[in-house]
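Here's the letter readout for the chains.
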Amino acid sequence: MSEGPAKKKQKPFATEVEEKVAWKRKKAESKEKKRRWKEAKVIKQLEKQNQAKVEEQKKQQQCQEEEQKAKGRLHTVSIALPGSVLDNAQSPELRTYLAGQIARACAVFCVDEVVIFDEKGENTTTVEGEFKGVGRKGQACVQLARILQFLECPQYLRKAFFPKHHDLQFAGLLNPLDAPHHMRIDEVVEFREGVVLDRPSKEGTGSFVNCGMRKEVQIDKQLQPGLRVTVRLQKNQNTESRVYKGVVVAPHVPRTEGGMYWGYSVRLASCLSAVMTECPFKDGYDLTIGTSEKGRDADQTSLPPFRHMLVVFGGLQGLEASVDVDPNLEVTDPSVLFDLYLNTCSGQGSRTIRTEEAILISLSLLRQKIATVLPDQAKS
């Protein structure tokens, strides 16, 4: 009985086994091919999606850059005037008020640079160091420069940069500029002016900056304490953090990228010719304008396109006096020094126009002409 079942369970032939194995192998290979094909298809789809995302991000970045370029203001306006204009004031209080009028005019008409040149041979080129202060006369260039710098500086930074000084005795009574970079403590903006603090920070982290906010700002670089810096604040700040985060940028970035007026810089020149030869811009001023009652009628004159414009004002005796005392100039006619020599107030009713009045009149007239030459940038 035990031999019967054993006979029924006979092993298959070798050929049948080989065929079965081959069929299973073929089936497994076809499954593997199908799986690989599906994987390749999924990978291609993912690659297409990633490429689409990258292209979309590039387009968005290009759009943002174009918007920034369109929004930014690339041209600059500089003015130059002699420090001797303060000698026309009869007291220290009036000298200070006169400087305040000039600062207000510069802020209202978005002047980017103020150059104060010497026409009396004082040869002053810096406001650094200790000065005894001035009364009615003397060191006018230095006093004018110091007051202009004081008014341009945001209020929360003045204690760090301007110690008590005789020249600033009455500066606290002047009208504030209220320029865009004079921020309120809770004002949320992209850029802020600050001073680097003398406070230790961890290795690999940046310095701390006082930007006039309720919290200090930690920047991306280690800088020398006491420096004035322009900071671009991060858009998404952690409200629970003890400090804000920001990046140091060049002072011109708020103007060139954000289209904001960011105050003026003050430069001292030893003479009229040094105003142009010591220009801080790489290619110099491409449009220079002299103002005089002997010039052409400004109403009948149009401006050429420009990148950096300089408008020069004379003192009590006009630009002729500045040319006469300049050791580097051999000409006697100031009109040959400028691209345009204009009379910005033709038909004046007074024999003389004071320099602070000439600044307001000239910049008001030139503002319309700048808007005509650079319409897109003038709007910003």
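An order of E3-E4-E5-E7-E6 is seen for the 5 strands of this closed barrel, with the pairing classed as mixed. In the sheet, strand E3 (residues 191-196) pairs with strand E4 (residues 208-210) via 2 bridges, with the strands oriented antiparallel. Bridge assignment links Val196 to a residue of E4, and that residue is Val209.

In this section: the nonpolar core. Grouped together as the largest cluster of nonpolar side chains are 53 residues, with contacts concentrated most on Ile79 and Tyr264. Examining the composition of this core, we find that 8 residues originate from one element, helix H4 (residues 140-152), more than from any other. Counting 17 residues, the second largest nonpolar core, distinct from the first, contains Ala80, Val115, Cys279 and Tyr341.

It is worth spelling out the packing of helix H3 (residues 92-108) against H4 at this point. Contact geometry of H3 with H4 gives a least axis separation of 9 Å together with a crossing angle of 55°. Between H3 and H4, the angle falls in the class oblique. Pair H3 / H4 crosses with right-handed handedness. Here Arg95, Thr96, Ala99, Gly100, Ile102 and Ala103 of H3 come into contact with H4, specifically with Ala140, Gln143, Leu144, Ile147, Leu148 and Leu151.

This brings us to the sheet that holds strand E10 (residues 308-312). The sheet built from 6 strands is open, its strands ordered E8-E2-E1-E10-E9-E11 with parallel pairing. In this open sheet, the two strands that pair with only one neighbour each are strand E8 (265-269) and strand E11 (340-343). Each strand of the sheet is rotated relative to its neighbour by a mean of 30°, with strand direction disregarded. Here 4 bridges tie strand E9 (residues 287-297) to E10, and the two strands are oriented parallel to one another. When the bridges of E10 are listed, Leu287 appears paired with Met309. Contacts between H4 and the sheet are confined to strand E1 (76-82), strand E2 (113-117) and E8, with E2 contributing the most and set at about 165° to the helix.

This part takes up helix H9 (residues 355-373). A rise of 1.5 Å per residue sets the reference length of H9, with its 19 residues, at 27 Å; its end C-alpha atoms lie 26 Å apart and thus fit the reference within 8%. Taken as a whole, H9 has its buried residues at Thr355, Glu356, Ala358, Ile359, Ser362, Leu363, Leu365, Leu366, Lys369 and Ile370.

What follows covers the confidence of the model for the protein chain. Averaged over all residues, the pLDDT of the protein chain equals 86, while 88% of them reach at least 70. Of the regions scoring below 50 in pLDDT, residues 1-9 engages in 0 contacts with residues more than four places distant in sequence or in other chains. Here residues 129-137 is a poorly scored stretch, pLDDT under 50, and it has 21 contacts once near neighbours within four places are set aside; other chains count.

Our focus in this paragraph is the pairing of E9. Two strands pair when backbone bridges link them, and E9 and E11 are joined in this way by 5 bridges, in the parallel orientation. Opposite Ile289, over in E11, you have Leu340 as the bridge partner.

This part is about the pattern of salt bridges. All chains considered together, the criterion is met by 16 salt bridges. With a shortest N-O distance of 3.4 Å, Arg95 and Asp87 are connected by a salt bridge. Judged by its relative accessible area of 0%, Arg95 falls in the buried class. Residue class for Asp87 comes out buried when judged on its relative accessible area of 11%. Close ionic contact of Asp178 with Arg184 constitutes a salt bridge, the shortest N to O distance being 3.0 Å. In this structure, a network of salt bridges that share partners links the residues Glu32, Arg35, Arg36 and Glu39.

Definitions and limits used
Along each chain, numbering runs from 1 in the same order as the chain's sequence is written. A pLDDT threshold of at least 70 governs which residues receive local features in this predicted model, and a stricter bar of 80 or more applies before side-chain atom pairs are shown or counted, although totals over entire chains, interfaces and linings include all residues. The side-chain figures draw on all heavy atoms in the structure; neither hydrogens nor water molecules are used. Any two strands with at least two DSSP bridges between them are considered paired. Each helix corresponds to a stretch of at least 4 residues labelled H or I by DSSP, and each strand to a stretch of at least 2 residues labelled E; elements are numbered beginning at the N terminus. For the purposes of this section, nonpolar cores are sets of buried Ala, Val, Leu, Ile, Met, Phe, Trp, Tyr and Cys residues that join through side-chain atoms within 4.5 Å. Summary of the burial criterion: residues with accessible area below 20% of their type's maximum are buried, those above 50% are exposed, and those between are partly exposed, where the area comes from a 1.4 Å probe applied to protein chains only. Lines fitted to C-alpha atoms define the axes, with helix axes restricted to the stretch in contact, and inter-axis angles between N-to-C directions lie between 0 and 180 degrees. For this classification, under 35 degrees means roughly parallel, over 145 means roughly antiparallel, 65 to 115 means roughly perpendicular, and everything else is oblique. Crossings are classed by handedness, with left-handed meaning an anticlockwise turn of the near helix from the far one by less than a right angle and right-handed meaning a clockwise turn. Throughout, a residue-residue contact means that at least one pair of heavy atoms, one from each residue, lies within 4.5 Å. The span expected for a helix works out to 1.5 Å for each residue beyond the first. A score between 0 and 100, pLDDT records how confident the predictor is in each residue. Between Lys or Arg on one side and Asp or Glu on the other, a salt bridge is scored when a side-chain nitrogen of the former is within 4 Å of a carboxyl oxygen of the latter.

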